[in-house]
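Here is what each chain is made of, one letter per residue.
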Amino acid sequence: MTIAATSTPTAPAAAAAPITMLNPDFPFPYDDFLAHPAGIGSVPEAMHGTEVAVIGAGLSGLVAAYELMKMGLKPVIYESSRIGGRLRGGTQPGQSGPVADLGGMRFPRSGRSFFHYADKVGIETEPFPNPLTRAAGSTVIELGGQAHYAETAADLPQFFGDVAAAWDDCLEERAHFTAMQEAIRNRELSTIKRLWNELVPKFDDVSFSGYLATSRAFSALPFEYREAFGQVGFGTGGWDTNFPDSFLEILRVVYVDADAEQHRIIGGAQLLPQRLWNHTPENLDHWPAGTSLASLHGGHPRGAVAAVARVKNDGGAPGDIAVTDRWGRTTEYPAVIATCQSWLLSARIDVDESLFSHKLWTAIERSHYMQSSKTFVVVDRPFWKDIDPETGRQVMSTTLTDRLTRGTYLLDNGPDQPALICLSYTWNDDALKWLPLDANERVRLMLHSLKQIYPTVDIASHIVGDPITVSWEDDPNFMGAFSDNLPGHYRYQERLYTHFMQEGHLPEHRGIFLAGDDVSWTGGWADGAVTTGLNAVWGVMNQLGGSSPAENPGPGDRFEELKPMRLP
Ligand SMILES: Cc1cc2nc3c(=O)[nH]c(=O)nc-3n(C[C@H](O)[C@H](O)[C@H](O)COP(=O)(O)OP(=O)(O)OC[C@H]3O[C@@H](n4cnc5c(N)ncnc54)[C@H](O)[C@@H]3O)c2cc1C
């Protein structure tokens, strides 16, 4: 948590119900749905064993496949790269650790659906060393060549406190912040919808920077305050790379505390998808005890999907959906869940145009993805904890700067154990600067930047082996890090998100269900990958004649009551 988040207004009853990722566009309580003893649903016995294709073995595809398996269906997962998708761990060649989280790495405790599965498979977590948190120990904020050392936000100069206060003020001024958080805590779904539906038309066309510049608080302050806010940000690091976003995107994050109390997975985030793949659930319908996704697939998912096409029945009526893998093997399915980044449906997979309406294709093509790059080095030990005899402080801290590196995070694995430094974590333009450079050149420049902040620390002397780096936009299996709506994108997101409700669709548009990070309202947060996977499960179950128990209605059952508003 950084300065602004620490002083973000909190609802009066802080000890009462927690804030959860109850998304204001569709505030369906997925956590309660998942925890309900009656289960999330079933299909008629005659459907048991029916194959359903799942494109992508990221978190969304695995959650969907896991729940379909529990219902007695037979998920058939296709994966073009590695199990885990954007929960990918990087290690040095031939080494099993330490594991660098190249995609998702800090998971807000408010993401209860994410933690439902993490807890189920025995994942252990600890607080992520975000700036100004106890887990970080200390933080250095360096802007305009001036470094500030702090253990808590209170150690920073008053200027930063004023920036934080301005942010708090502008959230209250026009975005009902306290009222919304209170409604989320108390699960007052109709209040959440009422507050949010008033804001959607107001702010869909307003960028984050536009909102700040026109706010009462920031417009009364010199530009430097907004600039510092952009560079230091709130939650987890600099925020100016999000300044072009629709302000609605920012509200979706801060209302639900996605930027607060974040944990990292001990052993690496990839443990969650790997364990889901191997997990043997209790209370399986149809399948014998001990069945897992891995056992249903003989240990390996099928390879990359190359084509998806509609099969025509005799007489030309739309029939099943044929999925062809990269080796030309075609299988027909009554239902398909597509969880890969949706750009891939036109750019990398030969998808029959008739499977989606033109309006949906437009939404797919107009999605905007953030770029993101991370570079890690393994060091011999957490040397940054050494105390500088002159200052009495740690020699190096979690660092936020306006230099090329932007955010540097220090990841300890225990005393004298090899540790990780995420030398640089960047988004958008800052990430593009690294794109053409190889790993060594990246590290050279990063060390140069950090040398300006820590002139006496010889980071290079602690580095062991090769750096680990990623640029998500450079990987053809992703084409970008995660979706991120720009002003005017609400309508597209609404089409993508609501696609699982297919009753009003033309017959030729039914049977394929979009899910995953970029379909969710909170791109870049794994909780949304989970919940959109559950929407798709509901859609498939419904199509195959199944239902959720009456005492535990599913997202589709409560859709009319909670559905995202539709803009004209
Ligand atoms: C840099 C970065 C940082 C992030 N940080 C956080 C964070 O701190 N906290 C958080 O909660 N979330 C974070 N996220 C988001 C989180 O990682 C995602 O929400 C989640 O992992 C997405 O899961 P998914 O299943 O929707 O998609 P993916 O993980 O992308 O899964 C889709 C799968 O489809 C596969 N695929 C692609 N094409 C084909 C094909 N033709 N055939 C078959 N398979 C195919 C891909 O290889 C991939 O494995 C971050 C993501 C990134 C990239």
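Cut-off values and rules
- Residues numbered from 1 in each chain as written.
- Predicted model: local features only at pLDDT ≥ 70, side-chain atom pairs only at ≥ 80, totals over all residues.
- Helix = DSSP H or I, 4+ residues; strand = E, 2+ residues; numbered from the N terminus.
- Rg over C-alpha atoms; globule rule 2.2 N^0.38 Å.
- Buried ≥ 20, exposed ≤ 12 C-beta atoms within 10 Å, placed from the backbone.
- Contact = placed C-beta atoms within 7 Å.
- Pairing = 2+ DSSP bridges.
- Axes fitted to C-alpha atoms, helices over the stretch in contact; angles between N-to-C directions.
- pLDDT = per-residue confidence, 0-100.
- Near = placed C-beta within 6 Å.
- Nonpolar A, V, L, I, M, F, W, Y, C, P; charged D, E, K, R; others polar.
- Domains from an automatic or database assignment.
- Parallel < 35°, antiparallel > 145°, perpendicular 65-115°, else oblique.

**A look at the overall build of the protein chain**
Thinking step 1. A count of helices and strands for the protein chain gives 20 helices and 22 strands.
Thinking step 2. The C-alpha radius of gyration computed for the protein chain amounts to 24 Å, which stays within 12% of the reference 24 Å derived for 568 residues, consistent with globular compactness.
Thinking step 3. Buried positions account for 52% of the 568 residues belonging to the protein chain.
Thinking step 4. Taking contacts inside the protein chain between residues at least 6 apart in sequence as the whole, the part at least 24 apart equals 74%.

**What about the sheet that holds strand β1 (residues 51–55)?**
Thinking step 1. What the four strands build is an open sheet, ordered β2-β1-β13-β22; its pairing is parallel. For this open sheet the edge positions go to β2 (74–78) and β22 (512–514), each flanked by a neighbour on one side alone. Neighbour to neighbour, the strand axes of the sheet diverge by 20 degrees on average, direction disregarded.
Thinking step 2. Relative to β22, strand β13 (residues 336–338) runs parallel, the two being bridged by three bridges. Paired with I337 across the bridge in β22 is F513.
Thinking step 3. On top of the sheet, helix α19 (residues 526–543) reaches β1, β13 and β22; it is set at about 160 degrees to β22, its chief contact.

**Quick word on the confidence of the model for the protein chain**
Thinking step 1. With 97% of its residues at a pLDDT of at least 70, the protein chain reaches an overall mean of 95.
Thinking step 2. Predicted confidence is poor over residues 1–14, with pLDDT under 50, and the contacts of this stretch with residues over four places away or in other chains come to 43 contacts.

**Quick look at the site of the ligand**
Thinking step 1. Taken together, 39 residues lie around the ligand, and G56, G58, G85, G104 and G516 are the ones closest in.
Thinking step 2. Counting residues per element, the ones that place at least two in the shell around the ligand are α3 (59–70) and α19.
Thinking step 3. Broken down by element, the shell around the ligand gets its largest block of residues, three residues, from α3.
Thinking step 4. Classifying every residue of the shell around the ligand by side-chain character gives 19 nonpolar, 15 polar and five charged.
Thinking step 5. Each of domain 2 (43–85 + 269–366 + 489–562) and domain 3 (147–155 + 372–479) gives at least three residues to the shell around the ligand.

**Some thoughts on the domain arrangement of the protein chain**
Thinking step 1. Annotation of the protein chain at the domain level lists domain 1 (3–26 + 133–146 + 156–263), domain 2 (43–85 + 269–366 + 489–562) and domain 3 (147–155 + 372–479).
Thinking step 2. Measuring from the centre of the C-alpha atoms in domain 1 to the corresponding centre in domain 2 gives 33 Å.
Thinking step 3. The interface is formed by 13 residues belonging to domain 1 together with eight residues belonging to domain 2.
Thinking step 4. Counting residues per element, the ones that place at least two in the side of domain 1 that touches domain 2 are α7 (189–203) and α11 (247–255).
Thinking step 5. Residues that form the side of domain 1 that touches domain 2 fall into these classes: seven nonpolar, two polar and four charged.

**Concerning the environment of I364**
Thinking step 1. Mapped onto the fold, I364 is located in helix α15 (residues 358–366).
Thinking step 2. Taking C-alpha positions, I364 is 7.6 Å from Y492, a pair spaced 128 residues apart along the chain.
Thinking step 3. Not counting residues within four places of it along the chain, the set of residues in contact with I364 comprises S342, W343, L345 and S346.

**Quick look at the packing of helix α5 (residues 158–175) against helix α10 (residues 223–232)**
Thinking step 1. Across the interface, α5 lies against α10 with an axial gap of 10 Å and an inter-helix angle of 90 degrees. Between α5 and α10, the angle falls in the class roughly perpendicular. Between α5 and α10, the residues in contact are F160, D162, V163, A166 and W167 and Y225, A228, F229 and V232, respectively.
Thinking step 2. When its residues are assigned to classes, the contact of α5 with α10 shows eight nonpolar, no polar and one charged.

**Thoughts on the environment of A294**
Thinking step 1. As for its placement among the helices and strands, A294 is situated in helix α13 (residues 293–296).
Thinking step 2. Look at A294 and you get partly exposed, because 18 C-beta atoms sit within 10 Å.
Thinking step 3. Taking C-alpha positions, A294 is 9.8 Å from R275, a pair spaced 19 residues apart along the chain.

**Comments concerning unusual backbone geometry**
Thinking step 1. The linkage connecting G97 with the following residue, P98, adopts the cis geometry, with an omega of -5 degrees.
Thinking step 2. When you line up the elements, P98 lands in the loop between β3 (89–90) and β4 (100–101).
Thinking step 3. The phi dihedral of R406 is positive, around 60 degrees, even though this residue is not glycine.
Thinking step 4. Note on placement: R406 falls in the loop between β17 (398–401) and β18 (407–411).
Thinking step 5. On the basis of neighbour counts, which here come to 24 C-beta atoms within 10 Å, the residue R406 falls in the buried class.

**So, the sheet that holds strand β8 (residues 146–150)**
Thinking step 1. Reading across from one edge, β8-β7-β17-β18-β19-β16-β20 is the order of the seven strands in this open sheet, with mixed pairing throughout. Each of the sheet's edge strands pairs with one partner strand only, and the pair in question is β8 and β20 (463–471). Each strand axis lies, on average, 15 degrees off the axis of its neighbour in the sheet, ignoring direction.
Thinking step 2. Pairing geometry for β18 and strand β19 (residues 419–427), over four bridges, is antiparallel. The residue bridging L410 from the neighbouring strand is I421, located in β19.
Thinking step 3. Helix α17 (residues 439–453) contacts β7 (139–143), β8, β16 (372–379), β17, β18, β19 and β20 of the sheet and is inclined by roughly 105 degrees relative to β20.

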